[in-house]
Amino acid sequence: MLTGGTGRGYSTAMRTYALMFFLCLILAAPGCAGKQTPPAPRPSPEELAAQRRDARAAEALTEAMQLQHDGGFLDEDTAFDYLNQALSLNPDLANARYYRATILFSKGRTNEALADVNRAIKLKPDHVQAHYTRGSILLSLGRSREAARDFTEVIRHDPSIAEAFVRRGLCYMRLHREDEAIEDFGSALAINPANLEANYNRGMVYLGRHEYDAALSDLSQAYILDSDNVRLLTARAQTLFKLGRFKG
């Protein structure tokens with residue numbers, strides 16, 4: 001037999017269970033357990049068309065890249081057509097701009113190449129290869145100060161590229177900044193002691209400064225690397241003459 005106190009406790013417990021059951025029913029009802037994520041809006045026809053264009057552009061770029069081998073293209077004309085197709089569909093493909101610039105530069109279409117590589121760098125400011133190519137283009141145009149800035153950017157990102165030091169050294173030679181040129185050629189040789197251009201050009205800087213022993217050392221090293229180079233033989237002969245070694 002239940003006492004009065006026990007009955008009241010039992011009644012209270014039952015009311016608590018009933019309340020919990022009622023709350024569970026409410027929470028389980030649609031829309032009460034939390035807001036459901038609305039379905040994503042369907043792309044507009046314009047957005048779908050843009051997505052298709054981007055996909056075709058990426059496919060054309062991939063086709064061009066399949067023709068690349070050892071830093072160049074096996075079939076430049078075909079690769080060029082693919083790159084043109086990619087850029088007609090998506091003008092903001094930085095890599096397509098860069099690779100088309102390399103082909104244009106190799107074809108002697110320097111101004112077009114420069115326009116492409118400028119756009120590539122604007123789209124992707126840390127594009128190291130594009131900076132190297134632009135520096136090479138500017139150097140070929142005699143714009144040595146601008147070219148040096150691009151090669152400096154390359155070196156800042158990757159100081160292991162010997163050719164970037166060589167080309168910046170050439171810029172400094174043309175700007176009559178001989179000490180910096182010697183330093184850059186030395187950096188290139190520290191990376192690759194068999195770099196012909198670094199040996200030759202440092203030797204030429206020394207020759208211009210009348211430091212004939214240093215010039216002969218570098219030019220002789222270059223001679224070992226390329227004994228049939230006429231400009232090298234001429235420079236070495238001139239150095240030997242300055243040293244009074246007329247038989248040599």
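Small disclaimer: the values here were computed from a predicted structure and weren't measured.

1. Regarding helix H2 (residues 45-65)
Step number 1: Under the 1.5 Å per step criterion, the end-to-end length of H2 is 30 Å for 21 residues, consistent within 8% with the ideal 30 Å.
Step number 2: Here H2 has its buried residues at Ala57, Ala60, Leu61 and Ala64. Along the long axis of H2, the arc covered by the buried residues comes to 100°, so they all point the same way. Away from its buried face, by an angle of more than 90 degrees, H2 presents the exposed residues Pro45 and Glu59.
Step number 3: Close packing links the buried residues of H2 with strand E1 (68-69), strand E2 (72-73), helix H3 (76-89) and helix H4 (94-106).

2. Concerning the pattern of salt bridges
Step number 1: Taken as a whole, this structure holds 14 salt bridges when the rule is applied.
Step number 2: Notably, a salt bridge pairs Lys107 with Asp77, separated by 2.9 Å at the nearest N-O pair. Within this pair, whereas Lys107 is found in the loop between H4 and helix H5 (110-123), its partner Asp77 is found in helix H3, the two being separated by 30 residues in sequence.
Step number 3: The class of Lys107 is partly exposed, set by a relative accessible area of 35%.

3. Section: the packing of aromatic side chains
What characterises a pair of aromatic rings is the spacing of the ring centres plus the angle enclosed by the ring planes.
Step number 1: All chains considered together, the criterion is met by four aromatic pairs.
Step number 2: Between the aromatic rings of Phe73 and Tyr99, the centroid separation amounts to 5.9 Å while the plane-to-plane angle is 80°, which identifies the pairing as edge-to-face. Placement of Phe73 in strand E2 and of Tyr99 in helix H4 is noted, with a sequence separation of 26 residues between them.
Step number 3: Overall, Phe73 belongs to the buried group, its relative accessible area being 13%.
Step number 4: Taken together, a centroid distance of 5.6 Å and an interplanar angle of 70° make the contact between Tyr132 and Phe151 edge-to-face. Linking Tyr132 in helix H6 (residues 128-140) with Phe151 in helix H7 (residues 144-157), this pair joins segments that are 19 residues apart in sequence.
Step number 5: Judged by its relative accessible area of 0%, Phe151 is buried.

4. Considerations on the packing of helix H8 (residues 162-174) against helix H9 (residues 178-191)
Step number 1: The interhelical angle for the contact between H8 and H9, taken along N-to-C directions, is 165°, at an axis separation of 8 Å. The orientation of H8 with respect to H9, classified from their angle, is roughly antiparallel. Note on packing geometry: the crossing formed by H8 with H9 is left-handed. Residue-level contacts link Ala162, Phe165, Val166, Arg168, Gly169, Leu170, Tyr172 and Met173 of H8 to Glu180, Ala181, Asp184, Phe185, Ser187, Ala188 and Ile191 of H9.
Step number 2: When its residues are assigned to classes, the contact of H8 with H9 shows 10 nonpolar, two polar and three charged.

5. A look at unusual backbone geometry
Step number 1: In this model, Asp70 sits at a positive phi of 55°, which is unusual for a non-glycine residue.
Step number 2: Along the chain, Asp70 falls in the loop between E1 and E2.
Step number 3: You can call Asp70 exposed: its relative accessible area is 75%.

6. A closer look at the side chain of Arg97
Step number 1: Looking at where Arg97 falls in the secondary structure, it is placed in helix H4.
Step number 2: Taking the relative accessible area as the measure of exposure, Arg97 reaches 11% and is therefore buried.
Step number 3: At a separation of 3.2 Å, a polar atom in the side chain of Arg97 contacts the main-chain carbonyl oxygen of Pro91.
Step number 4: In contact with Arg97, other than residues within four places in its own chain, are Leu87, Pro91, Asp116, Arg119 and Ala120.

7. Section: H6
Step number 1: Between its terminal C-alpha atoms H6 stretches 19 Å, which fits the 18 Å expected from 13 residues at 1.5 Å a residue.
Step number 2: Contacts from the buried residues of H6 go to H4, H5, H7 and H8.

8. Re the confidence of the model for the chain
Step number 1: For the chain, the mean per-residue pLDDT works out to 88, and 85% of the residues sit at or above 70.
Step number 2: Overall, residues 1-7 carries pLDDT values under 50, and its contacts beyond four positions in sequence, including any with other chains, amount to zero contacts.
Step number 3: Low pLDDT (under 50) marks residues 21-27, which in the prediction has three contacts with non-local residues, meaning those over four places away or in another chain.

9. Examining the side chain of Asn195
Step number 1: For Asn195, the location among the structural elements is in the loop between H9 and helix H10 (196-208).
Step number 2: For Asn195, the side chain forms a polar contact with the side chain of Glu163, separated by 3.0 Å.
Step number 3: Once you skip the residues sitting within four places of it in the chain, Asn195 turns out to touch Ala162, Glu163, Val166, Leu189 and Leu225.

10. With respect to the packing of H10 against helix H12 (residues 230-242)
Packed helix pairs are specified by the crossing angle of their axes together with the interaxial distance, meaning the distance between the axes.
Step number 1: Close contact between H10 and H12 brings their axes to 11 Å; oriented N to C, the two are set at 35°. The element H10 and its partner H12 pack so that their crossing is left-handed. Within the contact between the two elements, H10 uses Glu197, Tyr200, Met204 and Leu207 and H12 uses Arg231, Leu232, Ala235, Gln238 and Thr239.
Step number 2: Residues of the contact of H10 with H12, tallied by class, amount to five nonpolar, two polar and two charged.

So, how was this worked out
- Residues numbered from 1 in each chain as written.
- Predicted model: local features only at pLDDT ≥ 70, side-chain atom pairs only at ≥ 80, totals over all residues.
- Heavy atoms only, no water.
- Helix = DSSP H or I, 4+ residues; strand = E, 2+ residues; numbered from the N terminus.
- Expected span 1.5 Å × (residues − 1).
- Buried < 20%, exposed > 50% of the residue type's maximum accessible area, 1.4 Å probe, protein only.
- Arc of directions from axis to C-beta.
- Contact = heavy atoms within 4.5 Å.
- Salt bridge = Lys/Arg side-chain N within 4 Å of Asp/Glu carboxyl O.
- Phe/Tyr/Trp six-rings, centres within 6.5 Å; stacked < 30°, edge-to-face > 60°.
- Axes fitted to C-alpha atoms, helices over the stretch in contact; angles between N-to-C directions.
- Parallel < 35°, antiparallel > 145°, perpendicular 65-115°, else oblique.
- Left-handed = near helix turned anticlockwise from the far one by under 90°.
- Nonpolar A, V, L, I, M, F, W, Y, C, P; charged D, E, K, R; others polar.
- Polar contact = N/O pair within 3.5 Å; in protein donor to acceptor, adjacent residues only side chain to side chain.
- pLDDT = per-residue confidence, 0-100.

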